[in-house]
Amino acid sequence: MSKTKEEYLMLRDEISNLSNMENNIMNYFYISIVATMAFCLTQQETIFMLLPYLIIIPAYKLIISKIRRIYKAGAYLYVFHEGESFNWERRSQKFMHKLPKKFLNRMQTFNYPFLLTSIIVFK
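Overview of the structure. Keep in mind it's a predicted model, so treat the numbers as computed, not measured.

When helices and strands are tallied, the protein chain shows 5 helices and 0 strands. Listing each helix as α and each strand as β along the protein chain from the N terminus yields α-α-α-α-α. The buried share of the protein chain, reckoned over its 123 residues, is 28%. Contacts in the protein chain between residues far apart in sequence, at least 24 positions, make up 70% of those at least 6 positions apart. For the protein chain, the computed accessible surface area is about 9,300 Å², with 63% contributed by carbon and sulfur atoms.

Right, here's the structure in full:
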């Protein structure tokens, strides 16, 4: 196996692992938010309703860092390894350009859970 193919496969594995880590973080995020909200709703003091933000903000930062690493690996693959034999990134980019331009498509979907939980906690 050539060095180019090994590097390409290694980067694809890294993207896959980062995506799995992102999914795990979101699962832990949902579980911890529900547990924290259950605790906060049983308390008499309203200050406890700020506790979920101690989960929302770090989880959001973790997801952002994982997504940036995925984008960087994808950009590296696109620039240095895309060609006739490896063209995953080009296909992905062509597919994204064919989607209709709606407001909800422009907003990154990883923001939705954090936005919604922030609104729920705030109310």
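Moving on, there is more to tell.
On to the packing of helix 1 (residues 3-41) against helix 5 (residues 111-122). It is the contact of helix 1 with helix 5, at a shortest axis distance of 12 Å, that shows an interaxial angle of 5 degrees. Taken as axis vectors, helix 1 and helix 5 run roughly parallel relative to one another. Every residue of helix 5 that contacts helix 1 at Met-26, Phe-29, Tyr-30, Ile-33 and Met-37 is listed here: Pro-113, Phe-114, Thr-117 and Val-121. For the contact of helix 1 with helix 5, the class distribution of residues is 8 nonpolar, 1 polar and no charged.

Following the criterion strictly, the structure yields 1 salt bridge and no others. As a salt-bridge pair, Glu-14 and Arg-69 come within 3.9 Å of each other at their nearest N and O atoms. Placement of the pair is Glu-14 in helix 1 and Arg-69 in helix 2 (residues 53-81), with a sequence separation of 55 residues. The class for Glu-14 is partly exposed, based on a relative accessible area of 31%.

All chains considered together, the criterion is met by 2 aromatic pairs. Where Phe-29 meets Tyr-30, the ring centres are 5.6 Å apart and the plane angle is 55 degrees; that geometry is what we call tilted. Its relative accessible area of 40% is what places Tyr-30 among the partly exposed residues. Between Phe-39 and Phe-48 the ring centres are 5.6 Å apart and the planes differ by 85 degrees, which places this aromatic pair in the edge-to-face class.

Moving on to the nonpolar core. Among the nonpolar cores identified, the biggest contains 12 residues, and these are Ile-25, Met-26, Phe-29, Ile-33, Met-37, Ile-55, Ile-56, Ala-59, Ile-63, Ile-67, Phe-114 and Val-121. Formed by 7 residues, the second largest nonpolar core is a distinct cluster that contains Tyr-8, Leu-11, Ile-15 and Leu-77.

For the rest of this paragraph, the subject is helix 5. Here helix 5 contains 12 residues, and its C-alpha end-to-end distance of 16 Å stays within 8% of the 16 Å for a straight helix at 1.5 Å per residue. Within helix 5 the residues assigned to the buried category are Asn-111, Pro-113, Phe-114, Thr-117 and Val-121. On its buried face, helix 5 is in contact with helix 1 and helix 2.

A word on the packing of helix 1 against helix 2. Two numbers describe how helix 1 lies on helix 2: the axes approach to 10 Å, and their chain directions differ by 165 degrees. It follows from the interaxial angle that helix 1 and helix 2 lie roughly antiparallel. Relative to helix 2, the crossing made by helix 1 is left-handed.

Basis of the calculations
- Residues numbered from 1 in each chain as written.
- Predicted model: local features only at pLDDT ≥ 70, side-chain atom pairs only at ≥ 80, totals over all residues.
- Heavy atoms only, no water.
- Helix = DSSP H or I, 4+ residues; strand = E, 2+ residues; numbered from the N terminus.
- Buried < 20%, exposed > 50% of the residue type's maximum accessible area, 1.4 Å probe, protein only.
- Contact = heavy atoms within 4.5 Å.
- Areas by Shrake-Rupley, 256 points an atom, 1.4 Å probe, with all protein chains shown as cover.
- Axes fitted to C-alpha atoms, helices over the stretch in contact; angles between N-to-C directions.
- Parallel < 35°, antiparallel > 145°, perpendicular 65-115°, else oblique.
- Nonpolar A, V, L, I, M, F, W, Y, C, P; charged D, E, K, R; others polar.
- Salt bridge = Lys/Arg side-chain N within 4 Å of Asp/Glu carboxyl O.
- Phe/Tyr/Trp six-rings, centres within 6.5 Å; stacked < 30°, edge-to-face > 60°.
- Core = buried A, V, L, I, M, F, W, Y, C linked by side-chain atoms within 4.5 Å.
- Expected span 1.5 Å × (residues − 1).
- Left-handed = near helix turned anticlockwise from the far one by under 90°.

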